[in-house]
Amino acid sequence: MSDFLRACAADEVAKGAAIAVDLAGTPVVVVHAEDDGFYAAYDECSHAAVALSEGEVDGCTLECWLHGSRFDLRTGEPTGLPATEPVPVFPVEVRDGDVYVSMTPSNGVTR
C-alpha cells in the first residue's frame, strides 16, 4: 500500500464537492460524490487544459466548467461532448478519517 498517498482529511471535502490537491507533483481532484463515495482523477480536462476541480459534481460525474464536458468519476470516460478522451482516475481509500489516493491510474490512462 505504499503506492497510496494522503490527499486530505475526508471532512475537508463536502458531499457533492471537489477539491484540488497536489500529490507528488501531480494535480489531482478529490471528489466526495453524491453516492457518499470518494473519487480521484487527474485534475485536467482531456479536451482543454483547465482544472476539473473547478467544475460541478453531479452524481458520480464531474463537469468541466469551461465547455461542459462530463466525466464518469468511476471510469474517467467522458459522458458528454466536447471531450472524447478519458481522464486518468485513481483508486481511493478512506482510512482513519483521511483520504488516500493511489498514483497508479485504475483505468490505465496516463497523462
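Residues numbered from 1 in each chain as written. Predicted model: local features only at pLDDT ≥ 70, side-chain atom pairs only at ≥ 80, totals over all residues. Heavy atoms only, no water.

Colleague: Would you mind going over the overall build of the protein chain with me for this structure?
Modeller: The helix and strand inventory of the protein chain stands at zero helices and eleven strands. Secondary structure of the protein chain in N-to-C order comes out as β-β-β-β-β-β-β-β-β-β-β. Relative to the 2.2 N^0.38 estimate, which gives 13 Å for 111 residues, the radius of gyration of the protein chain is 13 Å and therefore close to what a compact globule would have. Burial analysis of the protein chain (111 residues in total) assigns 47% to the buried set. Look at the contacts in the protein chain between residues 6 or more apart in sequence, and 38% of them connect residues 24 or more apart. (Helix = DSSP H or I, 4+ residues; strand = E, 2+ residues; numbered from the N terminus. Rg over C-alpha atoms; globule rule 2.2 N^0.38 Å. Buried < 20%, exposed > 50% of the residue type's maximum accessible area, 1.4 Å probe, protein only. Contact = heavy atoms within 4.5 Å.)

Colleague: Can you walk me through the pattern of salt bridges in this structure?
Modeller: Side chains that differ in sign of charge can pair as their charged atoms come close. For the coordinates displayed, the defined rule picks out five salt bridges. Two residues, Arg6 and Asp98, come together in a salt bridge whose shortest N-O distance is 3.3 Å. Taken together, the positions of Arg6 in strand β1 (residues 4-9) and Asp98 in strand β11 (residues 98-102) put the pair 92 residues apart, joining distant regions of the chain. With a shortest N-O distance of 3.6 Å, Glu63 and Arg70 are connected by a salt bridge. Arg70 gets classed as partly exposed once you look at its relative accessible area, which sits at 25%. Each of Asp58, Glu63 and Arg70 takes part in a single network of salt bridges with overlapping partners. (Salt bridge = Lys/Arg side-chain N within 4 Å of Asp/Glu carboxyl O.)

The values are spatial; any link to function lies outside them.
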